[in-house]
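# Analysis of the macromolecular model
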Amino acid sequence: MQRCKVYFDILKMTHSEISPHRLVSQKLHKTTKCSPQEIVHYLGAMQAQDYAMAKWAVGSRCDASEKEIEEAVNSCKIIRTHILRPTWHFVSADDIYWMLDLSAPQVKKFTASAAKKYGFDSKKLDQINTSIEKLLARNNHLTRDEIMQELDIKKTSKEDFLSAAIMMNAELDGLVCNGKMNGKQITYALLEERVERPNTKLTKEEGLAKLAKRYFESHGPATLLDFSWWSGFSPTISKLAIHSIASELNSVEIENQTYWFGSDVSNENIFRESVHFLPAFDEILISYKTREASILAEHQTKAFTNNGIFKPIIMENGKVIGTWKRTIKKDHAKIETMFFNEIKNSKKEILFEAIKPFENYLETKIIIE
């Protein structure tokens, strides 16, 4: 009977209530006992081009330190690679192969176009892959610069777009993934030497259905266009994916939009007071096509730019109220805050209590300025 009551309340959701529900679905409502790998697996894929901030995106959702998350990455329980949209993501080792099979063909269009500008067609990229495989064989972990040096490929520009395209192509072909960190340098290793390839493969339809179900259960309430943006698949393909799993999801109409979310509705008090210091590029903002549910339109340029640069954010009760940045010192971390509106010092003291999880995660003292 209680389940029915919760289900009914959610079906009366208003636009202002979307963000609190997303906090629950994204496991930000309260810290869980999940492992870092379980968090990444649950969310499907977590944007991770800013490695330091991506680790905190995981840490903010589970009771794990930065060192524990780094160990999960180094041991390849969590893989950092290019998947879905053409950017870095964290993905669980359990999901890497089926997700690559599904998304790599469309993402490779971007890498192929970038490589072609430097005279590297598909045949030449395949030859390069063969050379990379020999270099990394027998559990050899090398940085991108080391690989390029062995291949006698010189940097073509300050940004080094060619080497990035070459390695991204190798990732999307399922040849390489992240290796163990070499100090602060990222390395590459052979994927099949780190994660065993499964015996069976999903069809494209099965993969799309699995991806859509994972997204709406972990990111809902969300729309078709949200899923299309997050996954990189067209609205037409995304619509077919949603249609195939519609019976396994809940939905609600809000302001002429259909929002989909998981069927496993928990009886949690989602509207309790909460404050979160979240990382740059966190899924709570970046995984949706539009973000008005979590941040007012007039504040959006303070939190992210038109060219896709997202800042670390401060959320109160599911709404973004400011940004923050951290500077790591020898024996402490310095935190600076920038609030959108003036806040009394007494209120700031209450808000700053929410930085405690980050202090535990870093395992160092934090000073707020």
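The following paragraphs examine the structure supplied in this document. (Residues numbered from 1 in each chain as written. Predicted model: local features only at pLDDT ≥ 70, side-chain atom pairs only at ≥ 80, totals over all residues. Heavy atoms only, no water.)

A few words on the overall build of the protein. Along its length, the protein carries 17 helices and 13 strands. Computed over C-alpha atoms, the radius of gyration of the protein comes to 21 Å, within 12% of the 21 Å expected from 2.2 N^0.38 for 369 residues, which places it in the range of a compact globule. Along the longest, intermediate and shortest principal axes, the C-alpha atoms of the protein span 60 × 50 × 35 Å. Considering the protein as a whole, with its 369 residues, one finds that 52% of them fall into the buried category. Considering only contacts within the protein whose residues lie at least 6 apart along the sequence, 65% involve residues at least 24 apart. Within the structure as shown, the protein displays about 18,500 Å² of accessible surface, and the carbon and sulfur contribution to it stands at 50%. (Helix = DSSP H or I, 4+ residues; strand = E, 2+ residues; numbered from the N terminus. Rg over C-alpha atoms; globule rule 2.2 N^0.38 Å. Buried < 20%, exposed > 50% of the residue type's maximum accessible area, 1.4 Å probe, protein only. Contact = heavy atoms within 4.5 Å. Areas by Shrake-Rupley, 256 points an atom, 1.4 Å probe, with all protein chains shown as cover.)

With that settled, the discussion passes to the pairing of strand β12 (residues 332–339). In summary, the side chains of a regular strand alternate between the two faces of the sheet. In terms of burial, β12 is largely enclosed, as six of its eight residues are buried. Pairing analysis gives seven bridges linking strand β11 (residues 319–328) to β12, with the strands arranged antiparallel. Of the residues in β12, the one forming a bridge with Arg326 is Ile335. In sequence, β11 turns back onto β12 through a hairpin of three residues. In this sheet, strand β13 (residues 365–368) lies alongside β12 in parallel orientation, the contact comprising four bridges. Bridge pairing in β13 places Ala333 opposite Ile366. (Pairing = 2+ DSSP bridges.)

Within the fold, Trp229 resides in helix α12 (residues 224–231). In this view, Trp229 contacts Arg85, Ile286, Ser287, Tyr288, Lys289 and Arg291; residues no more than four positions away in its chain are not counted. A distance of 2.6 Å separates a polar atom in the side chain of Trp229 from the backbone oxygen of Ile286. (Polar contact = N/O pair within 3.5 Å; in protein donor to acceptor, adjacent residues only side chain to side chain.)

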